[in-house]
Each structure stands twice: as structure tokens, then as C-alpha cells.
Amino acid sequence: MAGSKEIRTKIKSVENTRKITRAMEMVAAAKMRKAQERMRAARPYAEKIRNVAGHLSRANPEYKHAFLAKRDKISNVGLILVTSDKGLCGGLNTNLLRLAVNEMKNWEGEGKGLLVCPIGNKGFGFMNRIGAKVRSHMVGLGDVPHVEKLIGTVKAMLDAYVAGEIDAIYLSYNHFINTMRQEPRVEQLLPLTGEKIGTSDATWDYIYEPDAKKVIDELLMRYVESLVYQAVVENIAAEQSSRMVAMKAASDNAKSVISELKLVYNKARQAAITKEISEIVGGAAALE
């Protein structure tokens, strides 16, 4: 059994660790509330523009955008992967990366090439470790992401799609459901089809002003930007929720360890006291 001094040192160390995890839990809780507000504020616009883009895919405009054109054969695939910049958020990134790797293996099994655009330090580091072909990347978004910072990174993938280097683009991120549950997803971003979005089979038609090309070009760019931005804010809300839960579990575990160590310390202290009393009694008996 360890001595009393060693046990006291270990108790102090665990208490200091618990103070850190408690502080991180409270910080994550505060950030989570703000992240959820941003996420919920962005959802209506993202859903609306998704519906409009889905209706446009079923329309018959005089101008057909490259994002709406179906490719006869999918030879190369692009993946926009949204992860966190920091760790200590449980299995959030691990679950997402596992899903992404499974999809990548399926594409490789079908003989498809792959280009990756990681957003977030964890995804970027992972893709470099496995030797994936990274076309562009973005790290250090912070807790408050801005669309302006994402445009350049995403545009590199869109340019590759328009140039025919890739035939489909998928978006992978953690969808926020509630504080205790976050769901990793892989969704098709391009080509834009009503079937993937879930719009009705009805044929839609629009009157474009000033002209179809300008309106459709602007609309579809806003569609891609809004969906990528929505994925980023969803992932940040999921990250803060997962970190808060992970830090609470760590704090609770530290509390249990401290209780166990204090019990061991008290037993060791009692044993030492009993030993000293026995030695005193034995010494007194010897003197008699």
C-alpha cells in the first residue's frame, strides 16, 4: 500500500484536474448556448434555399447550370469534411471520420477517384495521415464562423466540379439533434437533384428577372454556401455539446477517484496509527 504522503499528492493532483474539467465544462456550456442560437438562426434560410434549389432542379429554364446537369458516369468524387479544430469532445470526430472512411472505401471499391476538402484541424490532420488527396482546406474557424472565410475553400471544389475533375460532391458533418445526441452524416451536395433533397415531383417554372443565367448562378452559389455554412454551425454546436458532456463525465469520474483515494488514505492513516499504538503498548509491556 502506498504511503500517506503519496496518496495525498495523488488526491491533490486529481482535485486540480477536476477543477480544470469543471471549468472547461462551464465554458463549453456557455459556448454551446451561443452555438445553438446561431445554428437555429441559420436553419430556416438553409431549409428554404434547399427547397427553392430543389424546385429549380425540376424546372425547365432556358439556362441549365452545371450544378443541375446530371453526369452520365461518376468517375471522381469530392468530399467536403467538416470537423472540429480542437479535441476533448468525446467520440464526435471519431464517429464522423469512421463514417467518412467507410464511404471513401466504398467509392474506392467502385473504382472512383477522390478529392477531399477538410474544414477543421482534426479532419485535415487525419486526411494527411491516411494519404488522401486534399484539394483545399480550412482550419482555425473559431467559435463564430463566417461565410466569407469558407467561400475560397469551397470554391476550389466547385471549380473542380465545373471543370469536370469531379462528378459529384458530398458534404460530411455532425448534425446536431440535442445536447446528448449528435449524428454524423454524409449528404450529396452536387449534382443538385430534387430526389436527393426530397422535393415533390411536380414540374416547377419561374419567371427570371433580369435574366435566367444571372439569377440561377447567384441562387446556386448561395445554395452551396448556405449548406456548407449550416453544416459548420451544426458541427460547432455538436462539438460544444459533446465537449460539455465529456468534461462533465471527466469531472464525475475525478470525483469518484478522489472518494476512493480518500478512503485508501484513511485506511492507510488508520493502519499507521494502529501500528504506532501497538508499538507503544508493546514497548510499555517490555519495560514492565
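As shown above, the structure is provided for reference.
So, here's what we can say about the structure. Every chain's residues receive numbers from 1 upward, in the order its sequence appears when written. In view of the model being predicted, local features appear only for residues whose pLDDT reaches at least 70, and side-chain atom pairs are presented and counted only at 80 or more, with totals across whole chains, interfaces and linings using the full set of residues. Hydrogens and waters are ignored; side-chain quantities use all the structure's heavy atoms.

## Description of the side chain of N93
Residue position: N93 is located in helix 2 (residues 92-109). Identification of polar contacts relies on pairs of N or O atoms within 3.5 Å, with a donor-acceptor requirement for protein atoms, meaning one able to donate a hydrogen and the other able to accept it, and with residues adjacent in sequence counted only if both atoms are side-chain atoms. Side chain to side chain, N93 and S84 meet in a polar contact 2.7 Å long. Not counting residues up to four positions away in its chain, the partners in contact with N93 are T83, S84, K86 and K122. Here a strand is any run of E in DSSP of at least two residues, a helix any run of H or I of at least four, and the numbering for each starts at the N terminus. By the convention used here, residues are in contact when the closest approach between their heavy atoms is within 4.5 Å.

## As for the packing of aromatic side chains
Ring pairs are drawn from Phe, Tyr and Trp, using the six-membered ring of Trp, whenever the two centres fall within 6.5 Å, and their geometry is named by plane angle: stacked under 30 degrees, edge-to-face over 60, tilted for the rest. For the coordinates displayed, the defined rule picks out two aromatic pairs. Consider the rings of F67 and Y161, whose centres lie 6.0 Å apart with planes at 65°: the pair is edge-to-face. Within this pair, whereas F67 is found in the loop between helix 1 (4-57) and strand 1 (76-82), its partner Y161 is found in helix 4 (residues 147-162), the two being separated by 94 residues in sequence. Comparing F67 with Y161, the two get one shared label, buried. Only protein chains enter the calculation, and the probe is 1.4 Å; a residue is then buried if its accessible area is under 20% of its type maximum, exposed if over 50%, and partly exposed in between.

## A short note on a nonpolar patch on the surface
Patch members must show over 30% relative accessible area and no salt bridge, and they are joined within 9 Å when carrying like charges or within 5 Å when they are nonpolar side chains of Val, Leu, Ile, Met, Phe, Trp or Tyr. A 1.4 Å probe and the Shrake-Rupley method give the accessible areas. Residues count as covered only by the protein chains that appear here. The working definition used for a salt bridge is a side-chain nitrogen of Lys or Arg within 4 Å of a carboxyl oxygen of Asp or Glu. Where nonpolar side chains cluster on the molecular surface, the patch consists of I273, I277 and V281 and spans about 240 Å² of accessible area. Take I273: it is sitting in helix 6 (residues 212-287).

## Considering the side chain of S84
Structurally, S84 can be placed in the loop between strand 1 and helix 2. In this structure S84 comes out as buried when scored by relative accessible area, which is 2%. Looking at S84, its side chain comes within polar contact range of the main-chain oxygen of K86, at 2.7 Å. Each residue touching S84, except ones within four places of it in the same chain, is listed here: C89, N93, G120, N121, K122, N235 and E239.

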